[in-house]
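Fold and geometry: a report
In case you want the letters, here they are:
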Amino acid sequence: MLDSLLKLLFPPKCLGCGALGPKTLCEACRGELLPYRGPACGRCGVPMLISAPLCPECKRESPPFRRAFSRSLYEGKMEGLVRRLKFQDAPQLAEPLAQLMAEEWRENGLQSQPFNLVTAVPLSKASLSRRGYNQAALLARKLAGKLSLPYRETLRKVRRTAAQARLGREQRLTNQRGAFSVVEPLTGERVLLIDDVMTTGATARECAITLLMGGAGEVWVYTLARGMGSQRGRISS
Ligand SMILES: [Zn+2]
Ligand SMILES: [Zn+2]
């Protein structure tokens, strides 16, 4: 009875467009969240204007992770939803967004890749208590379930860092150095590391280094969205 009263007072709405309906994300909104299928670096996944196996950055220095991908570009409706998931107490968005990640993973034939576990980029204790949940861990748990892989917490944040968004690329890299440690030693696992957004990749790099130093055999990175930062429009040479 209370449930029906609440539904009457606060009818369920799509968090993408506000349309009344039972789904957290309606079909129309899902249709707007297009996957990125354009040219991208085969290693770090940065979108490029023309196809080339590696971006200039990866040619110069191999990233610690084996590969990184993102489901969509961090723009438009996707950007709005990620912000909601992160900053506006909408953990229920993790389910439909992880579903999009799972579908794209299968679409790319990646389910045949033998991963031992799925894990997430951790938040600092302060951010975690402020937000009440780690959006990357929510996505990782849901995705792991959908891909029938085990989820495990492997990393913790041991040093506070300045908010990445306010920093330039070089600063971002130094900002993250030594920021993480492994919860317990790993033993050669192939790890799929999940985050909500990847921009310069500084966080993903540092997490991958920490996992490898902690004993992981190989790290792949998969994020919901890819921010272009200062790299927008960059052409591979
Ligand atoms: Zn909608
Ligand atoms: Zn690259």
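Heads up: the structure comes first, above all this text.
Reading the values: the criteria
Residues numbered from 1 in each chain as written. Chains lettered and ligands numbered in written order. Predicted model: local features only at pLDDT ≥ 70, side-chain atom pairs only at ≥ 80, totals over all residues. Heavy atoms only, no water. Patch = residues over 30% accessible without salt bridge, like charges linked within 9 Å, V, L, I, M, F, W, Y side chains within 5 Å. Areas by Shrake-Rupley, 256 points an atom, 1.4 Å probe, with all protein chains shown as cover. Salt bridge = Lys/Arg side-chain N within 4 Å of Asp/Glu carboxyl O. Helix = DSSP H or I, 4+ residues; strand = E, 2+ residues; numbered from the N terminus. Buried < 20%, exposed > 50% of the residue type's maximum accessible area, 1.4 Å probe, protein only. Donors = N, O, S within 2.8 Å, 3.2 Å for Na, K, Ca; no water. Tetrahedral: all angles 85-135°; square planar, octahedral: opposite > 155°, others 65-115°. 1 Å grid on protein atoms, 1.4 Å probe; cavity = no way out; pocket = protein on both sides within 12 Å on 5 of 7 lines; lining within 4 Å. Points joined across faces, edges and corners; volume = space filled by probe spheres on them. Nonpolar A, V, L, I, M, F, W, Y, C, P; charged D, E, K, R; others polar.

1. Looking at a nonpolar patch on the surface
Among the surface-exposed residues, Leu2, Leu5, Leu6, Leu8, Leu9 and Phe10 lie close enough to one another that they form a single nonpolar patch of about 700 Å² accessible area. Secondary-structure assignment places Leu6 in helix α1 (residues 2-9). Its relative accessible area of 40% is what places Leu6 among the partly exposed residues.

2. Quick notes on the coordination of the zinc ion (ligand 1)
Note on the zinc ion (ligand 1): its protein donors are Cys14 (SG), Cys17 (SG), Cys26 (SG) and Cys29 (SG). The metal-donor distances range over 2.2 to 2.3 Å. The site at the zinc ion (ligand 1) holds 4 donor atoms, and with the angles between them running 108 to 113 degrees, its shape is tetrahedral. Motif for the zinc ion (ligand 1), donor spacing along one chain: C-x2-C-x8-C-x2-C. Using a relative accessible area of 17% as the deciding quantity, one classes Cys26 as buried. The exposure class assigned to Cys29 is buried, which follows from its relative accessible area of 1%.

3. Notes on the layout of surface pockets
Computed from the structure, the second largest pocket encloses a volume of approximately 410 Å³. Lining the second largest pocket are 24 residues; nearest its centre among them are Pro122, Leu123, Leu128, Glu153 and Leu155. Broken down by secondary-structure element, the contributors of at least two residues to the lining of the second largest pocket are β2 (117-120), α6 (125-131), α7 (135-146) and β3 (155-157). Considering only residue class, the lining of the second largest pocket consists of 13 nonpolar, 4 polar and 7 charged.

4. Description of the coordination of the zinc ion (ligand 2)
All of the protein donors around the zinc ion (ligand 2) are Cys41 (SG), Cys44 (SG), Cys55 (SG) and Cys58 (SG); their distances to the metal are 2.3 Å. Each of the 4 donor atoms around the zinc ion (ligand 2) contributes to a set of angles spanning 106 to 112 degrees, which defines the coordination as tetrahedral. Between the donor residues of the zinc ion (ligand 2), the gaps in sequence give the motif C-x2-C-x10-C-x2-C. With a relative accessible area of 0%, Cys55 lands in the buried category.

What is shown is where atoms sit, not what they do.
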